[in-house]
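Listed below, chain by chain, are the residues.
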Amino acid sequence: MTLKIGVIGTGAIGQEHIERLHNRLVGSTVVAVNDINLDQARAVAVRLTPAARVHETGQGVVSDPNVDAVVVTSWGPTHEEFVLASIAAGKPVFCEKPLATTAAACLNIVNAEVASGRHFVQVGFMRRYDKGYRLLKAQIDNGNLGAPLMVHCAHRNPSVPEVYAGDMAITDSFVHEIDVLRWLLDDDYVSAQVILPKKTRHSRADLDDPHMILLETAKGIRIDVEVFVNCPYGYDIQCQVVGEDGVGYLPEPMSVLTRKDARLSHEILQDWKLRFIDSYDVELQEWIEAVKIGEVWGPTAWDGYFASVTAEACVEAKHSGRIVPIKIGQRPAFYDRKPKRAAA
Ligand code: NAI
Ligand code: ISE
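All of these numbers come straight from a predicted model, not from anything done at the bench.

Criteria and thresholds
Residues numbered from 1 in each chain as written. Chains lettered and ligands numbered in written order. Predicted model: local features only at pLDDT ≥ 70, side-chain atom pairs only at ≥ 80, totals over all residues. Heavy atoms only, no water. Helix = DSSP H or I, 4+ residues; strand = E, 2+ residues; numbered from the N terminus. Rg over C-alpha atoms; globule rule 2.2 N^0.38 Å. Buried < 20%, exposed > 50% of the residue type's maximum accessible area, 1.4 Å probe, protein only. Contact = heavy atoms within 4.5 Å. Areas by Shrake-Rupley, 256 points an atom, 1.4 Å probe, with all protein chains shown as cover. Lys, Arg positive; Asp, Glu negative; His and termini not counted. Charge placed at Lys NZ, Arg CZ, Asp CG, Glu CD. Pairing = 2+ DSSP bridges. Axes fitted to C-alpha atoms, helices over the stretch in contact; angles between N-to-C directions.

### Topic: the overall build of the protein
Helices and strands together make up the secondary structure of the protein, namely 10 helices and 15 strands. For the protein, whose C-alpha radius of gyration is 20 Å, the value lies close to the compact-globule estimate of 20 Å for 344 residues. Along the first, second and third principal axes, the C-alpha set of the protein runs to 55 × 55 × 40 Å. Residues counted as buried form 53% of the 344 residues belonging to the protein. Within the protein, counting contacts between residues at least 6 apart in sequence, those at least 24 apart form 73% of the total. As presented, the protein carries roughly 15,500 Å² of accessible surface, and 54% of it is formed by carbon and sulfur atoms. For the protein, the distance from the average position of its 36 positive side-chain charges to the average position of its 44 negative side-chain charges is 2 Å.

### Examining the sheet that holds strand 9 (residues 211-217)
The seven strands are arranged 12-11-7-10-9-8-15 in an open sheet whose pairing can be described as mixed. Two strands bound the open sheet, and with one partner strand each, they are strand 12 (247-249) and strand 15 (324-325). Examined bridge by bridge, strand 7 (residues 148-156) and strand 10 (residues 222-228) share seven bridges and lie parallel to one another. Bridge pairing in strand 10 links His152 to Asp224. Its contacts with the sheet place helix 6 (residues 131-141) against strand 7, strand 11 (236-243) and strand 12, and it is angled at close to 5° to strand 11. Helix 7 (residues 168-185) rests against strand 7, strand 8 (189-195), strand 9, strand 10 and strand 11 of the sheet, and its axis sits at about 150° to strand 7.

Okay, here's the thing in structure tokens:
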């Protein structure tokens, strides 16, 4: 069976996902698309998936009887509406991160999914599918590093688009570390603190950049993350786990070492598209396979909610200058289940 997918949002990652879902991965085809910028949606359809129907609205994609499952790749503030509509229509939905832009909106999704009695939602936290993070997690889980004590990370982007505003360094970028470190350490967060170092001259006037974010986990592990989104040299994701017995490093992306012009050098990637290309492929291939057997085993709506609560605490910490406690209610038993194939 070929899974027929409708995609809402044909911008940067929408185009990437349409291309992989339609042309590269096995067992899926894109049959419907929409973007609020209809001209763009039409142009993307012509280029990548000519037979797809271009809908005037995202809701049209969700209710299209030809669509088996929905992929949401529109801007964050639109996610809640399209994910709730997919749940109401009884269709599995893969939603890019963040699940929604407020914790309250994420909770609405959690509540709707729990009330539906079925697991419909997967959030696009693709780092859980990255080979490097998986190898690092194996080192932690098999005890080779001893008990983790500290984690040092960096999340560097060379630049950000105009729509990137306000506290998106936390809610849109750092949200990846929030999710992947919780998964890596199998731990929850209890407090957040944010420090603003001297601002870079490369940043727009309305953005704070960089940020230093400190998290404390329930087990007492201390995490520091530098988020620097106008880092001129490139896209660079670093993670170092310091354990009682050893230190584990996230592997660098593979690249050829060259000797040229009196230099030894490695290429540095310039964006997330190439840095995580394999992770997106694995993430969506596993999602296709899960959906086909009526399952969802990737990051859940609860994980999306947890990330959003943590991000909100970080935003409060940034603006208040205080250490903010992170309090999350009891996880519904609905999310305790062990999926048939717990991939991530
Ligand atoms: P983008 O701005 O390139 O594309 C978003 C598209 O959504 C635009 O074409 C816009 O016109 C469309 N859109 C906005 N409102 C809409 C509505 N009501 N209905 C239909 N379409 C609408 O942004 P980008 O970079 O593609 O990001 C999209 C989402 O994907 C964001 O949530 C972002 O955080 C996430 N993302 C995830 C990445 C990852 O590594 N997992 C990487 C990049 C983005
Ligand atoms: C972007 O939206 C992504 O999700 C990328 O993975 C992240 O590195 C970048 O900072 C975000 O803006």
